[in-house]
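Take a look at the letters that make up each chain.
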Amino acid sequence: MKGFAQQPANGTKAAGTSGVVSELAQTLAIDRLKRDRPFGALALGRAGLDLYPLEDGGKIAEAAGFTSDLGGSAGNIAVALARQGVSVGLLSAVSDDPVGRFVSSRLESFGVDTRFLQTVSGDPRTSLALAEVRAADCEVTIYRNNAADLQLTADDALVAAVAEAGVLIITGTALVADPSRAATMVLLAAARAAGTVTVFDLDYRAYAWSSREETAAVYDRAAGLCDLIVGNSEEFSVFSADGNGEAAAASLTETDGRLAIVKRGGSGATVLGAGWRIDSGVFPVTALKPYGAGDAFMGGLMAALLKRETLEEAVRCGSAAAAMVVSRRGCASAMPDSAELTTFLSSQQMTSNPTRT
């Protein structure tokens, strides 16, 4: 990403900031982002079927009926990118049944390339999530017993695909178990060898792991192969013995030009580099539900970087997409397209614009 090393946003050097300016001139791993490849991005991880009570504010236990949508972290991220005009494919596996075919069909309808979507037979099943459309006391129930996406294998087609992408985005749930865990590591290594930028959405769900120690060991291996790591403070605390998520995030940026982004919900986000940071606020909206924001943020952020926006502007785009999605029903179908995002950005103000120090 040319032009990343730049002066502070106001264009001036404050007294005593020469060390900061020197740090800003460092070469970042994401600077090698290649935008002339067949795929702008590939997303790796789960995609599934989401069901929502018919009535906004309704409870699952009392629902008279449900509406459907595509869901799952990697599926949502892929759709978010596609809606922003990025050529994107999903690396995942679905069950050979109507639910798996629903997922594949919906991905295609949103413009996501499904040629690398593997189909598995037998007992594994595509994930199902039931989620309430309410801002408070919102229950989400996810069925991932013998999840089909964890059957993903790194065949020759997938290994070749990551060399044709500008970015490979992996999600943490893909690391829960083999063969998906091993496949993810193989594909990260293949991406690094091909000069593909690698991004790790921590997507940590404690119930999916046998122990925090196992998670830490696996996440540490994956993080070592990634250029950008994104998560909230609780997710980053997996890397830390003392539970300090931001300190753990900062420590990940000490070598190899790696960046970390700490998402803070209603308090904004922080980008961390070696010796510098960018803090930003949020776009205030009336939330309809509390989920989907993280996937929208990732999609908006990476789409903006692929369009050669500065890191500050990319954070604005990701934050705007997140705000839009929590104010809408659904997940994948709630992701804004380019025109919607542009209109939102031109008409709404952040509580604090991204500021680099």
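For the structure, see preceding data.
Summarised in this report is the structure supplied together with it. Just so it is clear, the structure is predicted and the values come from calculations on it, not from any experiment.

Reading the values: the criteria
- Residues numbered from 1 in each chain as written.
- Predicted model: local features only at pLDDT ≥ 70, side-chain atom pairs only at ≥ 80, totals over all residues.
- Heavy atoms only, no water.
- Pairing = 2+ DSSP bridges.
- Helix = DSSP H or I, 4+ residues; strand = E, 2+ residues; numbered from the N terminus.
- Contact = heavy atoms within 4.5 Å.
- Axes fitted to C-alpha atoms, helices over the stretch in contact; angles between N-to-C directions.
- Buried < 20%, exposed > 50% of the residue type's maximum accessible area, 1.4 Å probe, protein only.
- Parallel < 35°, antiparallel > 145°, perpendicular 65-115°, else oblique.
- Nonpolar A, V, L, I, M, F, W, Y, C, P; charged D, E, K, R; others polar.
- Phe/Tyr/Trp six-rings, centres within 6.5 Å; stacked < 30°, edge-to-face > 60°.
- Core = buried A, V, L, I, M, F, W, Y, C linked by side-chain atoms within 4.5 Å.

## Quick word on the sheet that holds strand S9 (residues 197-201)
Alright, step 1. Overall, mixed pairing links the ten strands, which are arranged S5-S4-S1-S8-S9-S10-S11-S12-S13-S14 in an open sheet. Each edge of the open sheet carries a strand with a single partner, namely strand S5 (117-120) and strand S14 (355-356).
Alright, step 2. As paired elements, strand S1 (residues 39-44) and strand S4 (residues 88-95) share four bridges and run parallel to each other. Looking across to S4, one finds that Ala43 is bridged to Leu90.
Alright, step 3. Across the sheet, helix H3 (residues 98-109) touches S4 and S5, and the angle it forms with S4 is around 170 degrees.

## Remarks on the environment of Gln349
Alright, step 1. Inspection of the secondary structure puts Gln349 in the loop between helix H11 (338-347) and S14.
Alright, step 2. The class of Gln349 is exposed, set by a relative accessible area of 60%.
Alright, step 3. Here the alpha-carbon distance between Gln349 and Gly281, two residues 68 residues apart in the chain, equals 9.7 Å.
Alright, step 4. In this structure, Gln349 is in contact with Val282, Phe283 and Pro284, ignoring residues within four places of it in sequence.

## Describing the packing of helix H5 (residues 180-194) against helix H6 (residues 212-223)
Alright, step 1. Relative orientation of the contacting elements H5 and H6 amounts to 25 degrees, with a least axis distance of 10 Å. Between H5 and H6, the interaxial angle falls into the category roughly parallel. On the side of H5, the interface is formed by Arg181, Met185 and Leu188, while H6 contributes Glu214, Val218, Arg221 and Ala222.
Alright, step 2. Each residue belonging to the contact of H5 with H6 can be placed in one class, and the counts come to four nonpolar, no polar and three charged.

## A short note on the environment of Cys331
Alright, step 1. Residue placement: Cys331 occurs in the loop between helix H10 (311-326) and H11.
Alright, step 2. Ignoring sequence-local partners within four residues, the contact set of Cys331 consists of Asp50, Tyr52, Asp69, Leu70, Asn76, Tyr291 and Gly292.

## Some points on the packing of aromatic side chains
Alright, step 1. Counted according to the given criterion, the structure contains eight aromatic pairs.
Alright, step 2. Consider the rings of Phe39 and Phe116, whose centres lie 5.9 Å apart with planes at 65 degrees: the pair is edge-to-face. Placement of the pair is Phe39 in strand S1 and Phe116 in the loop between H3 and S5, with a sequence separation of 77 residues. Phe116 shares its class with Phe39; the two are buried.
Alright, step 3. Ring plane angle 45 degrees and centroid distance 6.2 Å describe the contact between Tyr219 and Phe239, whose orientation is recorded as tilted.

## Details of the environment of Ala43
Alright, step 1. Its location among the elements puts Ala43 in strand S1.
Alright, step 2. Considering only alpha carbons, one finds Ala43 and Leu259, 216 residues apart in sequence, at a separation of 19 Å.
Alright, step 3. In this structure Ala43 touches Ala74, Ala78, Gly89, Leu90, Leu91 and Ile169, once residues within four positions along its chain are discounted.

## Remarks on the sheet that holds strand S2 (residues 48-53)
Alright, step 1. Taken in spatial order, the four strands make up an open sheet running S3-S2-S6-S7, and their pairing is mixed. Lying at the two open borders of the sheet, with one neighbouring strand each, are strand S3 (66-71) and strand S7 (140-143). Put simply, the sheet's adjacent strands are angled 20 degrees from each other on average, direction ignored.
Alright, step 2. Taken together, the six bridges between S2 and S3 define a ladder with antiparallel strand orientation.

## Considering the nonpolar core
Alright, step 1. Core analysis: the biggest nonpolar cluster contains 64 residues, and Leu81, Val167, Leu228, Leu301 and Met302 have the highest contact counts within it.
Alright, step 2. Examining the composition of this core, we find that ten residues originate from one element, H10, more than from any other.
Alright, step 3. The residues touching Val167, leaving out its near neighbours within four places in the chain, are Leu33, Gly40, Ala41, Leu42, Thr196, Val197, Val199, Met302 and Leu306.

## Section: the side chain of Gln118
Alright, step 1. In this structure, Gln118 sits in strand S5.
Alright, step 2. With a relative accessible area of 14%, Gln118 lands in the buried category.
Alright, step 3. Ignoring any residue separated from it by four or fewer positions in sequence, one finds Gln118 in contact with Ser92, Ala93, Val94, Gln151, Leu152, Thr153, Asp155 and Leu158.

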